[in-house]
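Listed below are the residues making up each chain.
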Amino acid sequence: MKSVRLSGTRPNEALLISGRKQRGHDALPFKIVTGHGVFVMPIFSKATRLTLAMQEAEVIEDCYTQQGLTLAVQAVIAFKVGDDHESIAAAARRFQGDQSQMSTLVGRIFSGHLRSIIGSMTVEAIIREQQTLADAIVDASKTEMARIGLAVDSLQISSIDDKGVGYIRALAAPHQARVNQEAKVAQAAADQASAMAQQESMRHQAEYARQTAIAQAEYQAEIDQAQQTAAQAGPLAAARAQQDVLVERSIVAQKNAELRQAELIAEVVRPAEAEAERIRTLARAQADATKLSAEAAAAQDRIALDQLLIQQLPEMLRAAAQGLQGANVTVLDGAEGLNSAVASLAAQGLTMLETIRTGLRTEPDTVVTALNGKANAAPPAA
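Examining the overall build of the chain
Looking only at helices and strands, the chain features seven helices and eight strands. In the chain, which comprises 382 residues, the proportion classed as buried is 20%. A separation of at least 24 residues holds for 71% of the contacts in the chain among residues at least 6 apart in sequence. Summed over all atoms, the accessible surface of the chain reaches about 26,800 Å², with 56% contributed by carbon and sulfur.

Quick look at the structure:
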């Protein structure tokens, strides 16, 4: 009879081969194969599969707390057969015939531990420390679970209910009120922030609209200015051309005027200046001649006057001496007194001469007439 080769085992299962006597004192009544395939002889051997996949067990239990309150507790346990051969062998002995019994047995085990641990806790501790409760239940069940070849992956408390007593609701009321208040405050703050954000957004939109309007106005002004510049370009060019023509004409006219001025200077001014210089030269010569003639005449007059004065001086001195003839003159100090008197008379004569000379310089005609009159007068009686 030919042997039949079975397909290899999946990662989440183990093959249990039984029917052939295993060797060894502690040999199992079956062979465990994981991770590979194996040949099985029909009739002599039998192969069954044991799942190693994760499974769930649900526990719903009424538990009494330390305060005597009844709580309906619901929990979910995630478990599986252990990966080592000892755990697989222990699970195979108990569940090889009916593997569905695993969840039932696990639920019963955890129900007992759940009632025991909750009975030692208050409602407040159970509500507040659910993870501590779950860890305590798992730790309490590890020994029993290992004995049947199972390992617990996690335990989650899905619900706790006081069965309508309202104790849990009362415990939650202050917290709920605080939460509601904080929620209202948070909502008010959120509304305020939203309003402020909306106002800020409106301000930004208004500012953007204003800047856009300003930019559009500036663009339009530039366009209008460009259009006006383009429209004025033709007339401005014509005006500039006309202005250039006028400037050129003005330059030509100025050149012509300068040329005519040069011609007039050459034709009129230069001859007139030459004639004026000639006339000025003649006038200066004539003036110099007249001045020399006047000076000569004045010199002749002074000479004549000096001669007339010299001629009249003895007569004047004689007249002065005659005035002294009948006078009693007392001469003091002898000869010195006489010399002094004579010197005084001489000084008077000199003073008279100087007075006449001064008069000749200031009023020559009057002095000359006076002298001539004296010269023509009869001599005084002796």
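A closer look at helix α2 (residues 101–118)
Its 18 residues place the ends of α2 26 Å apart at the C-alpha level, agreeing with the 26 Å of an ideal helix rising 1.5 Å per residue. Residues of α2 that are buried: Met102, Val106, Gly107, Ile109, Phe110, Ser111, His113, Leu114, Ile117 and Ile118.

Some remarks on the nonpolar core
Inside soluble globular proteins, nonpolar side chains tend to come together where they are buried. Counting residues in hydrophobic clusters, the biggest one holds 41 residues, and the most contacted among them are Leu150 and Leu155. Of all elements in the fold, only β2 (13–18), β6 (55–64), β7 (70–81), α1 (85–95), α2, α3 (123–128), α4 (130–147) and β8 (150–161) reach the threshold of two or more residues within this core. For this core, the element with the highest residue contribution is α2, accounting for seven residues.

A word on the confidence of the model for the chain
When pLDDT is averaged across the chain, the result is 79; 72% of the residues are at 70 or more. Low pLDDT, under 50, characterises residues 1–7; the stretch is placed with 16 contacts to residues that sit more than four places away or in other chains.

A short note on the pattern of salt bridges
Any two side chains of opposite charge can pair if their charged atoms end up close together. For the structure on display, the rule yields 11 salt bridges. The closest approach of N and O atoms between Lys80 and Asp83, which form a salt bridge, is 2.8 Å. Judged by relative accessible area, Asp83 falls into the exposed class, the value being 61%. The shortest N-O distance in the salt bridge between Arg280 and Glu277 comes to 2.7 Å. Placement of both Arg280 and Glu277 in helix α5 (residues 167–322) is noted, with a separation of three residues, approximately one turn of the helix. Residues joined by salt bridges that share partners form a network here, namely Glu277, Arg280 and Arg284.

Brief notes about the sheet that holds β6
Pairing is antiparallel in the open sheet, where three strands are placed in the order β6-β7-β8. Of all the strands in the sheet, just β6 and β8 have a single pairing partner and so form its edges. Looking at each pair of strands side by side, their axes are set apart by 25 degrees on average, direction ignored. By the bridge criterion, 10 bridges tie β6 to β7 in an arrangement that is antiparallel. Bridge assignment links Tyr64 to a residue of β7, and that residue is Thr70.

Conventions adopted
Residues numbered from 1 in each chain as written. Predicted model: local features only at pLDDT ≥ 70, side-chain atom pairs only at ≥ 80, totals over all residues. Heavy atoms only, no water. Helix = DSSP H or I, 4+ residues; strand = E, 2+ residues; numbered from the N terminus. Buried < 20%, exposed > 50% of the residue type's maximum accessible area, 1.4 Å probe, protein only. Contact = heavy atoms within 4.5 Å. Areas by Shrake-Rupley, 256 points an atom, 1.4 Å probe, with all protein chains shown as cover. Expected span 1.5 Å × (residues − 1). Core = buried A, V, L, I, M, F, W, Y, C linked by side-chain atoms within 4.5 Å. pLDDT = per-residue confidence, 0-100. Salt bridge = Lys/Arg side-chain N within 4 Å of Asp/Glu carboxyl O. Pairing = 2+ DSSP bridges. Axes fitted to C-alpha atoms, helices over the stretch in contact; angles between N-to-C directions.

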